[in-house]
Amino acid sequence: MGNLFDSVGGVWSKAARWCSHFLETPGKRWASAALLVFSIVLLTSSYIYWTDVRAITGTFLFKTSTSSSSRAAPNKPPVKVDYPLKCINEALTLTCPTNYPVKYESKASSLAVACPEYFRWIREDLRPWRDTGITRKMVETGNKYGDLRLVIVKGKAYVKMYRRSFQTRDVFTVWGILQLLRLYPGKVPDLELLFACGDRPVVKKRDYQWPHGTYAPPVFHYCVDDESLDIPFPDWSFWGWGEINIRPWGTMLWGLREANKRIKWKNRKPYAFWKGNPSTSGRRADLMKCNVSDKQDWNARVYAQVIFLHHQRGTEPDPLKYRRVLLKRSKIYKTNLYKIFIEGVAWSVSDKYILGCDSMTLLVKPKYYDFFTRSLVEKKHYWPIKPSNLCRDIKSAVEWGNNNTDKAQAIGEAASKFIQEDLKMEFVYDYAYHLLREYAKLMRFTPKIPPGAVEICSETMACPQNGPWRQFMMESMVRSPKDTLPCTMPSSSSSP
Ligand SMILES: *[C@@H]1O[C@H](CO)[C@@H](O)[C@H](O)[C@H]1NC(C)=O
Ligand SMILES: *[C@@H]1O[C@H](CO)[C@@H](O)[C@H](O)[C@H]1NC(C)=O
């Protein structure tokens, strides 16, 4: 269990840093008020489709903060809601509505946009099964790794749980797939897949001497490394992490944009900043040695964060306490020009929040990758740091940045741009969509609902929830099918 808690500690601290970012800026009151208003808007109107959130919030902020500047378009069409959440009895919604559309024709007249470059990894990740296809036997072999089996038949989803995963990772992962089904009704093909919700990859290459011997089981997971064959899928935090109050990615992206606008590059401190739980990996312990002391200054300001705040399932979080803790901690979180990213137990969901901060990321060479990080380019999106030369590399990276502020700033901005544009929720869904389609194409068997599986839908998942879990589900719920086409995959000729 230790490792699981560690990963939580790590992410929490990054979230806190992100928040402090927000709270410390001159516009902090304004910004927190905006956030508060934003949540009220979300809570009271559960009929806002997330892509409209920005527009709606924008309208509100315009009206309250500036009187002279132009107002938002007054004739915005009402938000379309095709799928309201129908909870018949909050605690006992155990059946799924039967009247959801399972087919939807998008307005094909709209031109599909090209998918971001990182979509080419979909084919790479499925390459082990390209020639053999995926047989039922291969999937069954993976039972020992999977925490759950997800089956989609005729647009409906069924799940069979093997193990409870940590916190609500499994719940929010499945929730994400359910939202995908709402976004593209009838377009996600029938399939059967296994999902592992732990920290580290589970299918080791060395156990499956592909292409000879036993074939590897295809198992979906959040990250992969060079020694594993797990198929990376967007992690649960894109839909929210209730236990540590990390809101769905659509909201966080908005928050990052707002924060970046307020913290000017020249007001950031010229140091490399890190805060997190150092006990999760040897590398992190090494990083502690790079901290400033009387004898040396490696230009690093690192903080050990072992306390973390998280909500237990079944208890209501105390927002006042949460805010107090944040404010107290924010006093030591300074906004810095450079942010260090260093892995803990495995990959960390915090990468996207750090890269989206406009500061130049000093990326300690990672071992694990999630679905998008493999396409980040060194010295374009981040500055590489060798783990074997940690302190020296950090020192010279910061020196270089301070000597070349334009270039360092450009790297920070390129990463933010990647996060804001290529990793927007629309593409996260499209990645999941294309990955599932390519996977289904390889399947050599007809998916069937296994004994013990239950039908799941947004109602059965969200209606019994309370607290932040319910809030984040409402916030990330897809309310209408998308009326444009999914992005088009990069052609297979452009393989790496
Ligand atoms: C690093 O140095 C700062 C400033 O002296 C200090 O506040 C902080 O606690 C140190 N971090 C660790 C992990 O010792
Ligand atoms: C930065 O500039 C200083 C002063 O000109 C120089 O001594 C140092 O070597 C430079 N460092 C790097 C990493 O470019």
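All of the points below concern the structure found in this document. Fair warning: this is a prediction, and the values are worked out from it, not measured in the lab.

Cut-offs applied
- Throughout, a residue's number is its position along its own chain's written sequence, starting from 1.
- All chains are assigned letters beginning with A, and all ligands numbers beginning with 1, in the order in which they are written.
- For a predicted model such as this one, the threshold for reporting local features is a pLDDT of at least 70, and the threshold for listing and counting side-chain atom pairs is 80 or more; totals across whole chains, interfaces and linings nevertheless cover every residue.
- Note: side-chain values were computed over all heavy atoms of the structure, leaving out hydrogens and water.
- At least two bridges found by DSSP between two strands are what make those strands a pair.
- Going along the chain from the N terminus, every DSSP run of H or I of four or more residues is numbered as a helix, and every run of E of two or more is numbered as a strand.
- In this description, a line fitted to the C-alpha atoms serves as the axis of each element, helices being fitted only across the stretch in contact, and the angle between N-to-C directions of two axes falls anywhere from 0 to 180 degrees.
- Between two residues, a contact is recorded if the distance between any of their heavy atoms is within 4.5 Å.
- Two rings belonging to Phe, Tyr or Trp (six-membered ring only in the last case) form a pair when the distance between their centres is within 6.5 Å. Interplanar angles under 30 degrees mark stacking, angles over 60 mark edge-to-face geometry, and anything in between is tilted.
- For every residue, the accessible area (1.4 Å probe, protein chains only) is compared with the maximum for its type, and the residue is labelled buried under 20%, exposed over 50%, or partly exposed between those bounds.
- In this description, the term disulfide denotes a pair of cysteine sulfurs within 2.5 Å.
- How far a helix is expected to stretch is found by multiplying one less than its residue total by 1.5 Å.
- Distances are taken per atom, and a residue is near a molecule or strand as soon as one of its heavy atoms is within 4 Å of it.
- The term polar contact refers here to a pair of N or O atoms within 3.5 Å; inside protein, the definition further demands a hydrogen-donor-capable atom paired with an acceptor-capable atom, and it admits residues adjacent in sequence only when both atoms are side-chain atoms.
- All accessible-area figures derive from a Shrake-Rupley calculation using a 1.4 Å probe, and residue coverage is judged against the displayed protein chains alone.
- By salt bridge we mean one thing: a side-chain nitrogen of Lys or Arg within 4 Å of a carboxyl oxygen of Asp or Glu.

Description of the sheet that holds strand β10 (residues 383–385)
Then, number 1: Reading across the sheet, the 5 strands line up as β7-β6-β8-β9-β10 and stay open at both edges, with parallel pairing between neighbours. On the outer flanks of this sheet lie β7 (300–304) and β10, each paired with one strand and no other. This sheet shows a mean twist of 25° between the axes of neighbouring strands, independent of strand direction.
Then, number 2: As paired strands, strand β6 (residues 269–276) and β7 are joined by 5 bridges and run parallel to one another. Bridging from a neighbouring strand, tryptophan 274 pairs with valine 302 of β7.
Then, number 3: Of the strands in this sheet, β6, β7, β8 (336–341), β9 (360–364) and β10 touch helix α11 (residues 390–403), which is tilted by about 160° from β10.

Re the packing of aromatic side chains
Given two aromatic rings, one states the distance between the centres and the angle between the planes to describe the pair.
Then, number 1: Across all of its chains, the model carries 26 aromatic pairs by this definition.
Then, number 2: Consider the rings of tryptophan 239 and tyrosine 429, whose centres lie 5.8 Å apart with planes at 65°: the pair is edge-to-face. Separated by 190 residues along the polypeptide, tryptophan 239 in the loop between β5 (231–232) and α7 (249–262) and tyrosine 429 in helix α13 (residues 425–442) bring together distant segments of the chain.
Then, number 3: Judged by its relative accessible area of 1%, tryptophan 239 is buried.
Then, number 4: Geometrically, the ring pair formed by phenylalanine 371 and phenylalanine 372 is edge-to-face, given 5.4 Å between the ring centres and 75° between the ring planes.

Some remarks on the state of the cysteines
Then, number 1: Per the counting criterion, the structure on display carries 4 disulfides.
Then, number 2: Note on cysteine connectivity: cysteine 115 is disulfide-linked to cysteine 487, with sulfurs 2.0 Å apart. The S-S bond linking cysteine 115 to cysteine 487 shows a torsion near 95°; that makes this disulfide right-handed. Taken together, the residues span a long stretch of sequence, with cysteine 115 in the loop between α3 (53–65) and α4 (121–126) and cysteine 487 in the segment after α15 (467–476) at a distance of 372 residues.

Quick notes on the environment of tyrosine 303
Then, number 1: Within the secondary structure layout, tyrosine 303 lies in strand β7.
Then, number 2: Looking at tyrosine 303, the relative accessible area reads 28%, which means it is partly exposed.
Then, number 3: Residues tyrosine 303 and leucine 287, 16 residues apart in the sequence, show an inter-C-alpha distance of 9.9 Å.

Side note on the pairing of β8
Then, number 1: Along β8, 6 of the 6 residues are buried, which leaves the element largely enclosed by surrounding structure.
Then, number 2: Alignment of β6 against β8, held across 3 bridges, turns out to be parallel. Bridging from a neighbouring strand, alanine 272 pairs with tyrosine 338 of β8.
Then, number 3: One ladder, built from 4 bridges, connects β8 with β9; its direction is parallel. In the strand pairing of β9, phenylalanine 341 is matched with leucine 363.

Looking at helix α6 (residues 169–183)
Then, number 1: Compared with the 21 Å implied by 1.5 Å per residue over 15 residues, the 21 Å span of α6 between its first and last C-alpha is a close match.
Then, number 2: Burial runs high along α6: 15 of the 15 residues are buried.

Observations concerning the site of ligand 1
Then, number 1: With respect to spatial proximity, the complete set of residues near ligand 1 consists of Met288, Asn291, Val292, Val302, Tyr303 and Ala304.
Then, number 2: A distance of 2.5 Å separates an oxygen atom of ligand 1 from a polar side-chain atom of asparagine 291.
Then, number 3: Here a nitrogen atom of ligand 1 sits 2.8 Å away from a polar atom, N or O, in the main chain of valine 302.
Then, number 4: When ligand 1 is considered free in solution it has 360 Å² of accessible area, and contact with the protein chains removes 49% of it.

A word on the pattern of salt bridges
A side chain of one charge can pair with a side chain of the opposite charge when the charged atoms of the two come close.
Then, number 1: Taken as a whole, this structure holds 22 salt bridges when the rule is applied.
Then, number 2: The partner of aspartate 393 in a salt bridge is lysine 386, with the nearest N and O atoms 4.0 Å apart.
Then, number 3: Of the residues examined, aspartate 393 reaches a relative accessible area of 11% and is grouped as buried.
Then, number 4: As a salt-bridge pair, glutamate 421 and lysine 417 come within 3.7 Å of each other at their nearest N and O atoms. Note that glutamate 421 and lysine 417 are positioned in helix α12 (residues 405–422) at a spacing of 4 residues, about one turn of the helix.
Then, number 5: The exposure class assigned to glutamate 421 is partly exposed, which follows from its relative accessible area of 40%.
Then, number 6: Within the structure, one salt-bridge network assembled from shared partners comprises Arg136, Glu140, Arg149 and Glu192.

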